[in-house]
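# Results of the structural survey
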Protein chains: 2
Amino acid sequence: MRWWGWGEDGHAVPLPPAAEGLLREELGADPSVRRSPVAFEKVSVPEARLPDAARERLASAVGAASVRDDRESRVAHAVGRSYPDLVRIRSGDASSAPDAVVLPASAEQVAAVLAACAEQRVAVVPFGGGTSVVGGVEPVRDGFAAALSLDLSRLSSTVEIDRTSLTARLDAGLLGPAAELRLREEGVTLGHFPQSFEFSTVGGWVATRSAGQASTGYGRIDELVEAVRCVTPAGELGTRAVPASAAGPSLRELVVGSEGVLGVICEATVRVRPAPRAWRYEGWSFATFAEGCDAFRVMEQAGGAADVNRLSDKDETRLTMALGASGSTAEKLGKRFLRMRGHEGGCLAILGFEGDEEGVEDRRRRAAGLLRAGGGVALGHRPGDAWRRGRFAAPYLRDELLDRGILVETLETATSWSNLGALHGAVGEALRSTLSGRGTPALVMCHVSHLYPSGASLYFTFLARQEEDALAQWRAAKIAASDAIVAGGGTITHHHAIGRDHRRWLAAESGELGIELLRAAKERVDPAGIMNPGKLLP
Amino acid sequence: MRWWGWGEDGHAVPLPPAAEGLLREELGADPSVRRSPVAFEKVSVPEARLPDAARERLASAVGAASVRDDRESRVAHAVGRSYPDLVRIRSGDASSAPDAVVLPASAEQVAAVLAACAEQRVAVVPFGGGTSVVGGVEPVRDGFAAALSLDLSRLSSTVEIDRTSLTARLDAGLLGPAAELRLREEGVTLGHFPQSFEFSTVGGWVATRSAGQASTGYGRIDELVEAVRCVTPAGELGTRAVPASAAGPSLRELVVGSEGVLGVICEATVRVRPAPRAWRYEGWSFATFAEGCDAFRVMEQAGGAADVNRLSDKDETRLTMALGASGSTAEKLGKRFLRMRGHEGGCLAILGFEGDEEGVEDRRRRAAGLLRAGGGVALGHRPGDAWRRGRFAAPYLRDELLDRGILVETLETATSWSNLGALHGAVGEALRSTLSGRGTPALVMCHVSHLYPSGASLYFTFLARQEEDALAQWRAAKIAASDAIVAGGGTITHHHAIGRDHRRWLAAESGELGIELLRAAKERVDPAGIMNPGKLLP
């Protein structure tokens, strides 16, 4: 991954031609602005401070070649991939760079590293793909002799499939495509496709309670994980791979979502399914967001939802039509068509079905009946195919927008169906009023993308002209939105995790005593407090 | 519930006529033996030792009338409903009776009781329906000034339904029928029907990770609980009712299954569904248990399982045919019919579908196709209806068997599909060899009753002639079976919980560090250690 943004060098997703006009008109952006990242040589990296004794211990744990403190390695592990992370690193601020990057090759080496670090008071930041958008992988040195980034990319060999039980034991450091490719070779799939899929890892998904774009169908990662192996400073925490158990509180559910503060997830046993042999992605239109939400609710509660189910609100639909790949499709379909049905300025929905030919067709037909009864108008497969082609593109586009001095950020929540409309309104309003109050009017868009019988997620994207102090502007918007989320009965995060950025709202969700419980667990397995300090716990 | 057994006085399920002959022939039981419970006046109850100061504090917390130490109340809360519990209480041993039974009427009163008990060093045993079969509600006085049973039956008024989101907030003390009746009045169901349904409570289900007979369809209680409200000595632990969250480890999953050792679950928000309007229960036959398991696996992995799915092994099928209500049905169907298809001495399966007419018919047809392809022979609805009529009868029958000096016990586990046959064999063999080694040959039966994509549960019932020292005999069998379960890769309990009886096997499942984590959590919320001592944690 390039040090200043998303993807590998040379791979970019250019802004659509219509974008500049739209940014100028709606956000007051100056089309001539270019805020490129500084040259790599200009990046300011603090001196590495790993004590010699610690380095020796680490080298004997993993081999000297796997303890790195070259500039490239340290900058690459300085931040995750959130908007404020990118603002800082693009400006040349790598002050959070780890003192070293350590690459263990086994759970045993991880244990040896943790033992060395506990003794030497070195903070350890588990690092999978480094794609956290909540500050989850940023090293925090406060009070420690040094901080190291524990890069798990070498923990990536094991893919052990039980075809009969449809489970797979996976090494934590496997990247999405590598894991999925190995599974497909055996005819199965995990079906887990977060937007970060190309650069995120199995261990990262488990550590952050990730949800993929198709999780309505395949299940969230917390529903897919059957067992974990987690190495903590106090020893190994392993849970038994059984389909269900009543043996007390779920320790697996304590490790899932633990974001590296308890230990290092080295392995997960996950549920897999036969790989799909047929796909059908299609577009639908609803006259209003409320109507679409209601149709989605009825479909989900009837057990008839697709694997991928997305419903954009009016603003997101408008922007998608204007800028996105499906814009041309919408034009082809004709605005007149939608106008005739009262859907002009309506809401675009995408449904995706995967499986075998017959199952896809049966499910598609059933869902179509439910959506039509709920006021939906079918737009055919083109918008679906367009969405599917671009499903991983957003983080690349973000780099282009940052280049043009645009604030672009996403945040997400989930709530009950009965509260969904109110929360959608409150968070949108908080973002709009906060940003326009600062003189940078915002474009705020939202979609529903994960359906549950009792509720759904809301995923917001907002754009504004970047202020000179981009971080202050971001912070104000983030606080306003997050306050609105917790006041409005949502969860502070449906699938991005807590990390550094959501900590101040965790108490609103879990209560002080809940946080005390997590602290007690941490103190027991990490008495020196070296595991990912400054994350998750307020 | 009567003090010495299951159900209310006057309600009994008589042994089928063929039973005595079978018990004599297969177990060497003496048909003239009667081991009736002692008269209530003969029950030995220790003197109540609640210190006056504690009594005053409790009376001011809940009112004097709700602090009871009459003989009836204390005996009724002395034990749960496991086989060893019943052996002891029927013999007149109520040595574990609590010093008092306290009946709070609100979560606030629960908090006041816990504060008083922490101060006075009084152990607190949360008591829902008292149906634990693992010693979960037995008061343990060791090292405490006294022990009280906290009877939650008055926490039973709230049933607050969100029809749009299909959730319901339920008071913990609600008994199964009361909760379900209130939900049905609003057109919804929880669909949770453990065998103890008539006498177990919402809070008890949550505290023990209960699974109902229809949990393959409706979900286990841990899948149905969206939020909990748990009062601990250190304060209240509440989780937010959202459909899904990535806000760190799941505190809900720490409370679910906590068996009263962290605090008192006062309320749960659960997912509900539209109440079924159609039912279809039916019987199937498989030539072998392995063939039936395989057909069930294929059906479940194809997403085509019924709501209730049960497969009896040969011994359970034989006993069911000989004794059960479905015996006559099988006769009607004709043994010749099954013999012709090579199913004589085969395995009976029961499938139950619930929902609307169309859905039931569609699902039934699909499942039938899958089962037939797997070698199943349809037996029609009669065996299904018979099973459904008798679904809550087993605990009543147990009383009859105890009367005749028969050891009758159940235990259960779950494992992966690929390990299911081996575990079935190992546990059965452990029970058979242990009991025949003691000169009391056993009838060991088993069924699969909860299906998951990755595996299934195994539920064993075993019968033998009771030894003079019935508890020693039971203990030997229990240890042999449990050792076989953990050695064979199963969970020590799929839905009965840990309680007192499974503690020694928890480390095999959760590891020493896992147990340390639970201890750390307990110490934080219950520093005085008053909450259900002697349970769950080894």
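For the structure itself, look to the data block above.
The notes below deal with the structure included here. (Residues numbered from 1 in each chain as written. Chains lettered and ligands numbered in written order. Predicted model: local features only at pLDDT ≥ 70, side-chain atom pairs only at ≥ 80, totals over all residues. Heavy atoms only, no water.)

Position of B:G455 among the secondary structure elements: in strand 19 (residues 455-465). Using a relative accessible area of 0% as the deciding quantity, one classes B:G455 as buried. Distance from B:G455 to B:N419, taken between C-alpha atoms, is 8.4 Å for residues 36 residues apart in sequence. The contacts of B:G455, once residues within four sequence positions are left out, are A:P243, B:T415, B:S416, B:W417 and B:H450. (Helix = DSSP H or I, 4+ residues; strand = E, 2+ residues; numbered from the N terminus. Buried < 20%, exposed > 50% of the residue type's maximum accessible area, 1.4 Å probe, protein only. Contact = heavy atoms within 4.5 Å.)

We now examine the nonpolar core. Nonpolar side chains tend toward joint burial in soluble globular proteins. Formed by 151 residues in total, the largest nonpolar core has its most connected members in A:F296, A:L311, A:L351, A:V427 and A:V448. Looking at which element gives the most residues to this core, the answer is helix 19 (residues 470-487) of chain A, with eight residues. When residues no more than four places from it in sequence are discounted, the contact partners of A:V448 are A:F289, A:C293, A:F296, A:N309, A:R310, A:L311, A:L420, A:A456, A:S457 and A:L458. B:W284, B:C347, B:L420 and B:L431 belong to the second-largest nonpolar core, a separate cluster that totals 60 residues. (Core = buried A, V, L, I, M, F, W, Y, C linked by side-chain atoms within 4.5 Å.)

On to the interface of chain A and chain B. With 74 residues of chain A at the contact, the number on the chain B side is 74 residues. Buried surface at the junction of chain A and chain B, both sides included, amounts to about 5400 Å², of which 62% is carbon and sulfur. If you look at where chain A meets chain B, you find four salt bridges. With a shortest N-O distance of 2.7 Å, B:R524 and A:E516 are connected by a salt bridge. Linking chain A to chain B there are 32 residue pairs in polar contact (both at pLDDT 80 or more). Tallying contributions element by element places helix 20 (residues 506-525) of chain A first for the side of chain A that touches chain B, with 15 residues. Residues of the side of chain A that touches chain B, tallied by class, amount to 31 nonpolar, 28 polar and 15 charged. (Buried area = accessible area lost by both parts, 1.4 Å probe. Salt bridge = Lys/Arg side-chain N within 4 Å of Asp/Glu carboxyl O. Polar contact = N/O pair within 3.5 Å; in protein donor to acceptor, adjacent residues only side chain to side chain. Nonpolar A, V, L, I, M, F, W, Y, C, P; charged D, E, K, R; others polar.)

What follows covers the sheet that holds strand 2 (residues 100-102) of chain B. Residues and elements named next belong to chain B. An order of 1-2-4-3 is seen for the four strands of this open sheet, with the pairing classed as mixed. The open sheet has two edge strands with one neighbour each: strand 1 (67-68) and strand 3 (122-127). Relative to strand 4 (residues 146-151), strand 3 runs parallel, the two sharing six bridges. The residue of strand 4 that forms the bridge with V125 is S149. (Pairing = 2+ DSSP bridges.)

With that out of the way, let us pick up the packing of aromatic side chains. Working definition: an aromatic ring pair is given by the centre-to-centre distance plus the angle between the planes. Enumeration over the complete set of coordinates arrives at 14 aromatic pairs over all chains. Ring centres of A:W6 and A:F199 lie 5.5 Å apart, and the angle between their planes is 85°; on these two criteria the pair is classed as edge-to-face. In this pair, A:W6 sits in the segment before helix 1 (19-27) while A:F199 sits in the loop between strand 7 (188-189) and helix 7 (202-208), placing the two residues 193 residues apart along the sequence. For the pair shown, A:W6 and A:F199 are each scored as buried. Measuring from ring centre to ring centre gives 6.4 Å for B:F197 and B:W205, while their planes differ by 15°; the resulting arrangement is stacked. Residue class for B:W205 comes out buried when judged on its relative accessible area of 3%. (Phe/Tyr/Trp six-rings, centres within 6.5 Å; stacked < 30°, edge-to-face > 60°.)

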